[in-house]
Amino acid sequence: MKNIVVLISGNGSNLQAIIDACKQKKINGTLRAVFSNKADAFGLERAREAGIAAHALSASQFASREAFDRELVQEIDAYAPDVVVLAGYMRILSPAFVAHFAGRLLNIHPSLLPKYPGLNTHRQVLDNGDEEHGTSVHFVTDELDGGPVILQAKVPVFEGDSEEDVTARVQAQEHAIYPLVVSWFVDGRLEMRNGAAWLDGAPLPPQGHAAEE
């Protein structure tokens, strides 16, 4: 069984989707540990309830981002992870952290990348009058939200939508596609090669795998 470590900062709803998928054997791996940079993150409670090791690391204990990430790498490596999954982890990662886990570091971002990297994506979509929004699972590289896309899910944006409406619609898709991508990785079907995402031995297009097929 492949080892999975998840990093969170908050509620952990994507973490819950991965916990559930592991329980249901939809992911052929073991969720070994959950780490958070916030001690009060509800996601840590989700981990404990599922019998998964839960750790909090506070940035205020460290002199620099690099020192924080060095400690985090050491603590993650104790669980011998095959894949490290960022699920609402809100810290910018140092280049050394990204390099250490290169090719086995996944993230989910609430936009149709390369549109709207960074924060407040739902607000930007509404402010710009977009009719379509969505979420992207991608490999992590040094570029913020810029690694190769693996899978995207699109949602409509309706007139009169609030930020909460859009968030709920996007999260429903996230909870479906993130466990799927993690399962591809642990089954050995997915890899990052030459700066691109490859699935079943073939390179994926810039928008990732076409989910409709």
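Summary of the structure given here.

About the cut-offs
Residues numbered from 1 in each chain as written. Predicted model: local features only at pLDDT ≥ 70, side-chain atom pairs only at ≥ 80, totals over all residues. Heavy atoms only, no water. Helix = DSSP H or I, 4+ residues; strand = E, 2+ residues; numbered from the N terminus. Rg over C-alpha atoms; globule rule 2.2 N^0.38 Å. Buried < 20%, exposed > 50% of the residue type's maximum accessible area, 1.4 Å probe, protein only. Contact = heavy atoms within 4.5 Å. Pairing = 2+ DSSP bridges. Expected span 1.5 Å × (residues − 1). Lys, Arg positive; Asp, Glu negative; His and termini not counted. Salt bridge = Lys/Arg side-chain N within 4 Å of Asp/Glu carboxyl O. Right-handed = clockwise from strand over helix to strand, strands pointing away. Axes fitted to C-alpha atoms, helices over the stretch in contact; angles between N-to-C directions. Parallel < 35°, antiparallel > 145°, perpendicular 65-115°, else oblique. Left-handed = near helix turned anticlockwise from the far one by under 90°. Nonpolar A, V, L, I, M, F, W, Y, C, P; charged D, E, K, R; others polar.

1. Here's the deal with the overall build of the protein
Move 1: Each helix and strand counted, the protein has six helices and ten strands in total.
Move 2: Compactness check: the protein gives a C-alpha radius of gyration of 17 Å against a globular reference of 17 Å for 213 residues, within 12% of the reference.
Move 3: By its C-alpha atoms, the protein is 45 × 40 × 35 Å across when sized along the principal axes.
Move 4: The buried share of the protein, taken over its 213 residues, is 47%.
Move 5: Contacts in the protein between residues far apart in sequence, at least 24 positions, make up 64% of those at least 6 positions apart.

2. So, the environment of Ala41
Move 1: Position of Ala41 relative to the elements: it lies in the loop between strand S2 (29–36) and helix H2 (42–49).
Move 2: The class for Ala41 is buried, based on a relative accessible area of 7%.
Move 3: Placed 29 residues apart in sequence, Ala41 and Gly12 show a C-alpha to C-alpha distance of 7.8 Å.
Move 4: Excluding residues that lie within four positions of it along the chain, Ala41 makes contacts with Ile8, Ser9, Gly10 and Ser36.

3. Structural notes on the sheet that holds strand S9 (residues 196–199)
Move 1: Taken in spatial order, the three strands line up as S8-S9-S10 in an open sheet, and their pairing is antiparallel. Edge positions in the open sheet fall to strand S8 (190–193) and strand S10 (202–203), since each of these has one partner strand only.
Move 2: In this structure, S9 lies alongside S10, joined through two bridges in antiparallel fashion. Looking at the pairing, Leu199 lines up with Ala202 of S10.

4. Section: helix H3 (residues 65–77)
Move 1: With 13 residues, H3 ought to run about 18 Å at 1.5 Å a step, and its terminal C-alpha atoms sit 18 Å apart, in line with that.
Move 2: Among the structural elements, strand S1 (2–8), S2, strand S4 (83–86) and helix H4 (95–100) are those in contact with the buried residues of H3.

5. Description of the side chain of Arg91
Move 1: Looking at the secondary structure, you find Arg91 in the loop between S4 and H4.
Move 2: Of the side chains with opposite charge, Asp69 lies nearest to the buried Arg91, which makes no salt bridge, at 4.6 Å.
Move 3: Apart from the residues within four sequence positions on either side, Arg91 is in contact with Asn37, Ala59, Arg65 and Phe68.

6. So, the pairing of strand S3 (residues 53–56)
Move 1: For S2 and S3, the ladder comprises four bridges, and the chain directions are parallel. Looking across to S3, one finds that Ala33 is bridged to Ala53.
Move 2: Regarding the hand of the β-α-β motif, the stretch spanning S2, H2 and S3 is right-handed.

7. Concerning the pairing of S8
A regular strand places its side chains on the two faces of the sheet in alternate fashion.
Move 1: In this structure, S8 lies alongside S9, joined through four bridges in antiparallel fashion. Paired with Leu190 across the strands is Leu199, a residue of S9.
Move 2: In textbook terms, the turn of a hairpin is the stretch between consecutive antiparallel strands, and for S8 and S9 this stretch comprises two residues, one of which, Asn194, has a positive phi near 50 degrees.

8. Things to note about the packing of helix H1 (residues 13–23) against helix H6 (residues 163–186)
Move 1: Where H1 meets H6, the closest approach of the two axes is 9 Å, and the angle between their N-to-C directions is 45 degrees. Here H6 runs oblique to H1, going by the angle between their axes. Where H1 crosses over H6, the two elements pack in a sense that is right-handed. Here H1 contributes Ser13, Asn14, Ala17, Ile18 and Ala21 to the contact with H6, which in turn contributes Gln171, Glu174, His175, Tyr178, Pro179 and Val182.
Move 2: Residue composition of the contact of H1 with H6, grouped by class: six nonpolar, four polar and one charged.

9. A closer look at the pattern of salt bridges
Move 1: Counted according to the given criterion, the structure contains seven salt bridges.
Move 2: Across the pair Asp130 and Lys115 runs a salt bridge, and its minimum N-O distance is 3.2 Å. A residue pair is termed long-range when its members are at least 10 positions apart, and Asp130 in the loop between helix H5 (121–127) and strand S6 (132–139) and Lys115 in the loop between strand S5 (105–109) and H5 qualify at 15 residues.
Move 3: A salt bridge links Arg123 to Asp127, with the nearest nitrogen and oxygen atoms 2.9 Å apart. A residue pair is termed a helical-turn pair when its members lie 3 or 4 positions apart in one helix, as Arg123 and Asp127 do in helix H5 at four residues.
Move 4: Its relative accessible area of 32% is what places Arg123 among the partly exposed residues.

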